[in-house]
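Structural characterization, general
What follows is the residue order along each chain.
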Amino acid sequence: MPLERVSSDPVVSPTLAVRRSTPRMGGVGIALFSSAIFGLSGSFAKALLDSGWSPAAAVTLRLAGASLVLLVPTLIVMRGKWGLAAKNWKSILLFGFFGVAICQFFYFQAVERLDVGVALLLEFLAPVLIVIFLWIRHRKRPEALTIGGTMLSLIGLAAVLDLTGSTRVDPIGVLWGLGAAVGLVVYFFVSARVEGALPPLVLATGGLSVGAVTMALLAVVGLLEMRMAFTPVKLASWETQWWVALGGLVLFSTVISYVTGIMAARALGSKLASFISLTEVLFAVVWAWLLLGQLPAGIQLLGGALIVGGVLLVRADEMRSP
């Protein structure tokens, strides 16, 4: 009988709680790693764009190349499990069409009418939209920590983008930017909730393939301009071949980042994963400093600290939740 008393003793609960929280803490690490690798995309893409590539061409080859890299390991993982892919075909289409292709396409359209910083800020309203959506769906107001973390992260994001100059606000551009934010919301929700535990590798491969096909079709109908320049590019302080920048964009900023991003969303849920993704802007600033020599301003460093503070507040709220 003493053993039965020990097994039901409340003293055991903290140990069990620690075991349950360990995967989520690992998820935070994966999410930060994913944001850091995602943040590399701006530096690799800038090297291509400065040499004459169009944004649509860089994105399309990025998605197509990543899907080809992931094809073989995906076929190995899915051996005898194709029923899972058939069961989740809607999720794969949603992820690829909205979370990958439409999100980037809308962002490019916003950039044509708005400053890049404003367009990026509108896209990264996704965490706020997720909080509002969950609030409406569950009819329960978010806790004070989540609301505070939301506001703090938004202030930090604005500071990192350094929106201190005169900004021309185009209402159509704002709508395109909000559309990109909705696409990012779909990305996080689909990544976090997939029936039958579809491997992240498979979801990434399917979504990237759908995204590449969608971008190519948009180019065929004339909505996107495809322009490539197979000339040397400048990355960091040295000149290299165009395929080095494209390879980094494909392997690091797409293959690794998308797979780890899906893993993080599975472990943390859409809300917390989306807030941690805000650190991508901070990492992008750091990478631009290291690879492109663009030194961050003091207000950008302050903004990075505010983003981290906001993420910590949301994380604390998550830990308090049952």
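Coordinates for the structure precede this section.
Residue numbers run consecutively from 1 along every chain, following the written order of its sequence. Thresholds applied to this predicted model are a pLDDT of at least 70 for local features of residues and 80 or more for the giving and counting of side-chain atom pairs; totals over whole chains, interfaces and linings are not thresholded and use all residues. To get the side-chain values, all heavy atoms of the structure are used, and hydrogens and water are removed first.

**Regarding a nonpolar patch on the surface**
Patch building starts from residues that exceed 30% relative accessible area and form no salt bridge, then joins like charges within 9 Å and nonpolar side chains (Val, Leu, Ile, Met, Phe, Trp, Tyr) within 5 Å. Method for areas: the Shrake-Rupley scheme with a 1.4 Å probe, in which residue coverage is limited to the protein chains shown. Salt bridges, as used here, are contacts in which a Lys or Arg side-chain nitrogen is within 4 Å of a carboxyl oxygen on Asp or Glu. A surface patch of nonpolar side chains, about 410 Å² in accessible area, is lined by Phe33, Val69, Leu251, Phe252 and Ile256. Broken down by element, the nonpolar patch gets its largest block of residues, three residues, from helix α12 (residues 242-268). Along the chain, Phe252 falls in helix α12. Numbering of helices and strands starts at the N terminus; helices are DSSP runs of H or I of at least 4 residues and strands are runs of E of at least 2.

**Brief notes about the side chain of Ser67**
Its location among the elements puts Ser67 in helix α4 (residues 55-77). Assessed through its relative accessible area of 10%, Ser67 is described here as buried. Setting aside chain neighbours within four positions, we find Ser67 in contact with Thr205, Leu208 and Ser209. Throughout this description, buried means an accessible area under 20% of the type-specific maximum (1.4 Å probe, protein chains only), exposed means over 50%, and partly exposed covers the range between. Residue contacts follow a heavy-atom distance rule, with two residues in contact if any of their heavy atoms lie within 4.5 Å.

**Description of the packing of aromatic side chains**
Note on aromatic contacts: the rings of Phe and Tyr and the six-membered ring of Trp form a pair at centre separations within 6.5 Å, being stacked when their planes are under 30 degrees apart, edge-to-face when over 60 apart, and tilted otherwise. One pass over the full model with this rule turns up twelve aromatic pairs. Both rings, one in Phe106 and one in Trp176, keep their centres 4.9 Å apart while their planes meet at 80 degrees; by these two values the pair is edge-to-face. Taken together, the residues Phe106 in helix α6 (residues 89-113) and Trp176 in helix α10 (residues 171-192) connect sequence positions 70 residues apart. Judged by its relative accessible area of 21%, Phe106 falls in the partly exposed class. Accessibility expressed as a relative area gives 25% for Trp176, which makes it partly exposed. An aromatic cluster of at least three residues, connected via ring pairs, comprises Phe95, Tyr187, Phe188 and Tyr258.

**What about the nonpolar core?**
Among the nonpolar cores identified, the biggest contains 80 residues, and Leu48, Phe95 and Tyr258 are the most heavily contacted of them. Counting residues per element, this core draws most heavily on α12, at eleven residues. Not counting residues up to four positions away in its chain, the partners in contact with Leu48 are Trp53, Ala58, Val233, Trp242, Ala245, Leu246 and Leu249. Working definition of a nonpolar core: buried Ala, Val, Leu, Ile, Met, Phe, Trp, Tyr and Cys residues. They are joined through side-chain atoms within 4.5 Å.

**Structural notes on the side chain of Ser54**
Here Ser54 lies in the loop between α3 (41-50) and α4. Polar contacts here mean pairs of N or O atoms no more than 3.5 Å apart (in protein, one a potential hydrogen donor and the other a potential acceptor; neighbouring residues in sequence count only if both atoms are side-chain atoms). Within polar-contact distance, the side chain of Ser54 engages the backbone oxygen of Glu225 at 2.6 Å. Excluding anything up to four places from it in sequence, Ser54 contacts Leu49, Glu225, Met226 and Arg227.

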